[in-house]
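Coordinate inspection notes
Listed below are the residues making up each chain.
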Amino acid sequence: QKPCPETPMSSPTLSFRVLICGAAMFLFTLPACGQDATAAQVTTDEQTAGTEAGTEAGTATGAGPVMATVEGHEILRADVEERITTFIVAQTGGRPLPPGQEDQLREQLRPDILEAVIDAYLLDGQVEEMSMSISEEEYHQILSKDLEGYMLRNGVDAADFEENLRQQAGQSMEEFITERAADPEFRRVVKHSRLIEARYPDETTVADEEIVGEYEQNREQVYTQPATVRASHILIDTRGLTTDEEKQAARERAEGLVVEARAEGADFGALAMENSEGPSAPQGGDLGAFPRTGVMVEPFAAAAFELDIGEVSDVVETQFGYHIITVTEKTEGVVVSLDDAREAIELEMKFRRIAEVRDRWVTELRESAEIVYL
């Protein structure tokens, strides 16, 4: 549960294929949907800067430019550091780590990421032997289906997702998919996955009864999307107040704002921008959509779900202060049907099996490969 209604939700992540490639993937961090716009978004320039910093960090550890060779092929420190940077960006949403913590984290990650890069190179060799060809359309379709499955499992509305893309990245959904479908690491993972499917069809095929079982097991937790409201608020922060007189004055101010917000023709967003003491003030107090439980503190959530669209609440007190709340949208809860979830479930189960087979096969490939650590 979020400690405060002002705390934005973390950007949703697509990470299941990280288990397969063990390195950078096409979509570690997705734009946050229905949340405070303060959620961190990492630009390409920022990632590049992080990679350069990572290379410098690698130099500081005393590691040479080549960390290992596989059948004579050099695994460069720069490649390893780049993948470490991508992983850290994914886990932090691009937010900076405290001084010294990134260096420590890099030190911990470096051995595992090096092994993942070696594994990927061994699979690259198998792909070359197979002379595999995948069309541009196929890459695009695979990514589109994966994104659809992600949104379905996480209750993310496609329209909200695209609106966030436009606001935060200046991209349409089509542009977003096209850009990431061209990512070399994404294409590498697709080729590895296709290779494993072709080599181990019996172990990677998902039967229909297994899909049904997976759906039934996860219907309530994953495929039942709760009702949500989208709310805005004005916060009068009381955390820094120490006397009863100060708190009473803050409450009286909040009650006055209730009267203003309920007045005919009142602009709640403008009132929030002018008066709210929370981070969402620049967005007119908009907190995005959230379910009844698990995101907002209880007094806030309870009050928001009691309101009709456009209605303004009485003063709501939480440990953060006094809130005036209005609801702008409501959605009913819905259960995603088996038919709608079938394709996403099959894709998820298939990639879990591919990951398991991959680990076993890579172990076999390592046994016959000449790997030298430098």
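Because the structure is a prediction, the values reported are computed rather than measured. (Residues numbered from 1 in each chain as written. Predicted model: local features only at pLDDT ≥ 70, side-chain atom pairs only at ≥ 80, totals over all residues. Heavy atoms only, no water.)

Across the protein chain, the average pLDDT comes to 83, with 83% of residues at 70 or higher. pLDDT under 50 marks residues 1-63. Its contacts with residues more than four places away, or in other chains, come to 168 contacts. (pLDDT = per-residue confidence, 0-100. Contact = heavy atoms within 4.5 Å.)

So, on to the pairing of strand β4 (residues 228-237). Within β4, eight of the 10 residues are buried, which leaves the element mostly enclosed by the surrounding structure. Where β4 meets strand β7 (residues 321-331), 10 bridges bridge the pair, whose relative direction is antiparallel. By the bridge assignment for β7, Ala 231 is matched with Val 327. (Buried < 20%, exposed > 50% of the residue type's maximum accessible area, 1.4 Å probe, protein only. Helix = DSSP H or I, 4+ residues; strand = E, 2+ residues; numbered from the N terminus. Pairing = 2+ DSSP bridges.)

Closest axis-to-axis distance for the helix α3 (residues 77-92)/helix α4 (residues 101-130) pair is 9 Å, and the angle between their directions is 120°. Considering only the axes of α3 and α4, their crossing is right-handed. Contacts from Val 80, Glu 81, Arg 83, Ile 84, Thr 85, Phe 87 and Ile 88 of α3 reach α4 at Glu 102, Leu 105, Arg 106, Leu 109, Arg 110, Ile 113, Leu 114 and Val 117. Across the contact of α3 with α4, the residue classes break down as nine nonpolar, one polar and five charged. (Axes fitted to C-alpha atoms, helices over the stretch in contact; angles between N-to-C directions. Left-handed = near helix turned anticlockwise from the far one by under 90°. Nonpolar A, V, L, I, M, F, W, Y, C, P; charged D, E, K, R; others polar.)

This part takes up the packing of aromatic side chains. Under the definition given, this model contains six aromatic pairs. Joined through ring pairs, the aromatic side chains of Phe 290, Phe 300 and Phe 305 make up one cluster. Here the guanidinium or amino end of Arg 360 rests over the ring plane of Tyr 200, the centre of that ring lying 5.7 Å away. (Phe/Tyr/Trp six-rings, centres within 6.5 Å; stacked < 30°, edge-to-face > 60°. Lys NZ or Arg CZ within 6 Å of the ring centre and 35° of its normal.)

Even without being a glycine, Glu 71 presents a positive backbone phi close to 50°. Take Glu 71: its relative accessible area is 48%, and that puts it in the partly exposed class.

Our next topic: the pairing of strand β5 (residues 286-291). Counting buried positions over the six residues of β5 gives five, a clear majority of the element. Examined bridge by bridge, β4 and β5 share four bridges and lie antiparallel to one another. If you follow Arg 230 over to β5, its bridge partner there is Ala 289.

Counted under the stated rule, the structure contains 31 salt bridges. In this structure, Glu 148 engages Lys 145 in a salt bridge whose closest nitrogen and oxygen atoms are separated by 3.8 Å. In this pair, Glu 148 and Lys 145 both sit in helix α5 (residues 136-154), three residues apart, roughly one turn of the helix. Between Arg 230 and Glu 329 there is a salt bridge; the shortest N-O distance is 3.9 Å. (Salt bridge = Lys/Arg side-chain N within 4 Å of Asp/Glu carboxyl O.)

Right, let's get into the nonpolar core. Core analysis: the biggest nonpolar cluster contains 42 residues, and Ile 75, Val 80, Leu 147 and Phe 161 have the highest contact counts within it. Elements supplying a minimum of two residues to this core: β1 (66-70), α3, α4, α5, α6 (158-168), α7 (173-181), α8 (184-199) and α14 (338-367). With eight residues, α4 is the single largest residue contributor to this core. Contact partners of Val 80, with chain neighbours within four places excluded, come to Met 67, Ile 75, Arg 110, Ile 113, Leu 114 and Val 117. Among the nonpolar cores identified, the runner-up in size contains 16 residues, and Ala 231, Ala 303, Phe 320 and Ile 325 belong to it. (Core = buried A, V, L, I, M, F, W, Y, C linked by side-chain atoms within 4.5 Å.)

As a further point, take the environment of Gly 170. Its place among the elements puts Gly 170 in the loop between α6 and α7. The contacts of Gly 170, once residues within four sequence positions are left out, are Leu 165 and Glu 175.

Here the focus is the side chain of Arg 187. Examined against the element boundaries, Arg 187 turns out to sit in helix α8. Only 2.9 Å separates the side chain of Arg 187 from the backbone oxygen of Ala 181, close enough to count as a polar contact. Once you skip the residues sitting within four places of it in the chain, Arg 187 turns out to touch Glu 136, Tyr 139, Ala 181 and Ala 182. (Polar contact = N/O pair within 3.5 Å; in protein donor to acceptor, adjacent residues only side chain to side chain.)

We now examine the packing of α5 against α7. Any two packed helices are characterised by how steeply their axes cross, that is the angle between the axes, and by the distance between the axes. Taken N-terminus to C-terminus, the directions of α5 and α7 make an angle of 120°; their axes are 9 Å apart at the nearest point. With respect to each other, α5 and α7 are oriented oblique. As for how α5 packs across α7, the hand of that crossing is right-handed. For the pair α5 and α7, the contacting residues are Tyr 139, His 140, Leu 143, Ser 144, Leu 147 and Met 151 in the first and Met 173, Glu 174, Phe 176, Ile 177, Thr 178, Arg 180 and Ala 181 in the second. (Parallel < 35°, antiparallel > 145°, perpendicular 65-115°, else oblique.)

In this section: the side chain of His 233. Note that His 233 resides in strand β4. Judged by relative accessible area, His 233 falls into the buried class, the value being 0%. Here the side chain of His 233 touches His 323 through a polar contact of 3.1 Å, side chain to side chain.

A word on the environment of Leu 143. With respect to the helices and strands, the residue Leu 143 is situated in helix α5. A sequence separation of 43 residues divides Leu 143 from Phe 186, and the C-alpha atoms of the two residues are 8.8 Å apart.

What follows deals with the sheet that holds strand β6 (residues 316-318). The four strands are arranged β5-β4-β7-β6 in an open sheet whose pairing can be described as antiparallel. Taken across any chain shown, the strands that pair with only one partner, and hence form the sheet edges, are β5 and β6. Shown here is a sheet whose adjacent strand axes are inclined to one another by a mean of 45°, direction ignored. Two elements, β6 and β7, share three bridges in a ladder whose sense is antiparallel.

Now for the environment of Arg 342. Checked against the element boundaries, Arg 342 lands in helix α14. Along the sequence, Arg 342 and Gly 149 sit 193 residues apart, while their C-alpha atoms lie 9.5 Å from each other. Of the polar contacts made by the side chain of Arg 342, one reaches the side chain of Asp 339; its length is 3.5 Å.

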